[in-house]
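Structural description and commentary
Residues per chain are reported as follows:
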Amino acid sequence: MTSRVALVTGGTGGIGTAICRYLAGLGHKVATNYRSEAKAKAWQDEQRKAGFEFTLVMGDVADPASAQALVQEVEKQLGPIDILVNNAGITRDTTFHKMNHAQWQDVIATNLGSCFNVTRQVIDGMRARKWGRIVQISSVNGQKGQYGQANYAAAKAGMHGFTISLALENAKFGITVNTVSPGYVGTDMVMAVPEDVRNKIIAQIPVGRLGEPGEIAYAVGFLVDDKAAWITGANISINGGQYMGW
Ligand code: CAA
């Protein structure tokens, strides 16, 4: 298998860490960004103890200039980015009638704006080299909506609109663009949902449990493979059966 350079945004989070590890396990060189130095260093120590060496670069993907500097630094250290996983995401859950503009804007900028900011920096290189893999990590809640998540669901649904347009524009350049839509995975983000609310959600998952981060990473590894060259513009739902729309 060809070893490539992969950038996974938000790689220090629950699903992001699993994606970084899975891609490293496939033989790729993996970089991610961080915003908090202290959290990043602790994360890197933990990964090293587990036998993983990742390239960590400071960068706020919600900010276009910072995203540009991030990509430039990763490419300086590792070489051209062939695999991009737009995984960085935050929540600011509240019902819409209580939502303020900052809660709307932060989620749109981080979850959806980042797709523009980072992808815009790697797309020319991928087109020139005639190979690329871009994966958006969206959410089941972008597919079905969720009480308290008008901001998050709008951003996550927008990510798939982004995917299918980019897939069209770049198909002739050996670049595939796909979305993975996880359901409720046992990460810090989901564990921050009030316990009573979370238990009601788990009760709606036919498989009967939260997902594991590795179960999302597995699909990303599948999509970035050379053999997945004919899969583009797809949205892979991984949600334990919670939502089966198609
Ligand atoms: N369906 C119907 N009614 C609901 C509801 C639902 N799903 N959720 C809440 N309500 C109702 C409550 O029963 C309550 O009704 P009453 O006032 O009649 O008792 C009312 O809404 C509460 O509304 P409030 O505006 O007062 O809301 P709140 O301040 O109590 O908080 C909330 C509401 C923020 C939405 C909270 O319920 C919550 O955190 N929900 C979970 C949201 C969620 O799933 N987030 C996912 C985070 S993880 C993630 O995003 C990863 C991923 O991709 C899956």
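This one's a predicted model, so the numbers in the text were calculated from it and none came from an experiment. (Residues numbered from 1 in each chain as written. Predicted model: local features only at pLDDT ≥ 70, side-chain atom pairs only at ≥ 80, totals over all residues. Heavy atoms only, no water.)

Near the ligand lie 20 residues; those nearest to it are D93, S139, Q146, Y152 and Y184. The separation between a nitrogen atom of the ligand and a polar side-chain atom of D93 is 2.7 Å. Here Q149 contributes a side-chain N or O atom positioned 3.0 Å from an oxygen atom of the ligand. For the ligand, the protein covers 58% of the area, taking 1,100 Å² as the surface of the free molecule. (Near = heavy atom within 4 Å. Polar contact = N/O pair within 3.5 Å; in protein donor to acceptor, adjacent residues only side chain to side chain. Areas by Shrake-Rupley, 256 points an atom, 1.4 Å probe, with all protein chains shown as cover.)

Positionally, S138 belongs in the loop between β5 (132-137) and α5 (140-144). Each residue touching S138, except ones within four places of it in the same chain, is listed here: K156, M159, T179, V180, S181 and P182. (Helix = DSSP H or I, 4+ residues; strand = E, 2+ residues; numbered from the N terminus. Contact = heavy atoms within 4.5 Å.)

Right, let's get into the packing of aromatic side chains. Tallying each qualifying case throughout the model produces three aromatic pairs. The interplanar angle of 85 degrees and the centroid separation of 6.2 Å between the aromatic rings of Y22 and Y218 together place this pair among those described as edge-to-face. Here Y22 is found in helix α1 (residues 14-25), whereas its partner Y218 is found in helix α9 (residues 213-223), with 196 residues between them in sequence. Here Y218 falls in the exposed class, since its relative accessible area comes to 55%. Their ring planes at 10 degrees and their centres at 5.7 Å tell us that F52 and F54 sit as a pair that is stacked. For F52, a relative accessible area of 22% gives the class partly exposed. When its relative accessible area of 3% is taken as the criterion, F54 is described as buried. These aromatic residues form a ring-pair network of at least three members: W43, F52 and F54. One residue, R4, lies across the ring of W131, its end atom 3.4 Å from the ring centre. The ring of F173 carries R127 above its face, with NZ or CZ at 4.0 Å from the centroid. (Phe/Tyr/Trp six-rings, centres within 6.5 Å; stacked < 30°, edge-to-face > 60°. Buried < 20%, exposed > 50% of the residue type's maximum accessible area, 1.4 Å probe, protein only. Lys NZ or Arg CZ within 6 Å of the ring centre and 35° of its normal.)

Next up on the list: α1. Look at α1: 17 Å from first C-alpha to last across 12 residues, which is about the 16 Å you get at 1.5 Å a residue. Inspection of α1 places I15, G16, T17, A18, I19, C20 and L23 among the buried residues, and these make up the whole buried set. Looking one or two residues past α1, G27 carries a phi angle of roughly 100 degrees, positive in sign. (Expected span 1.5 Å × (residues − 1).)

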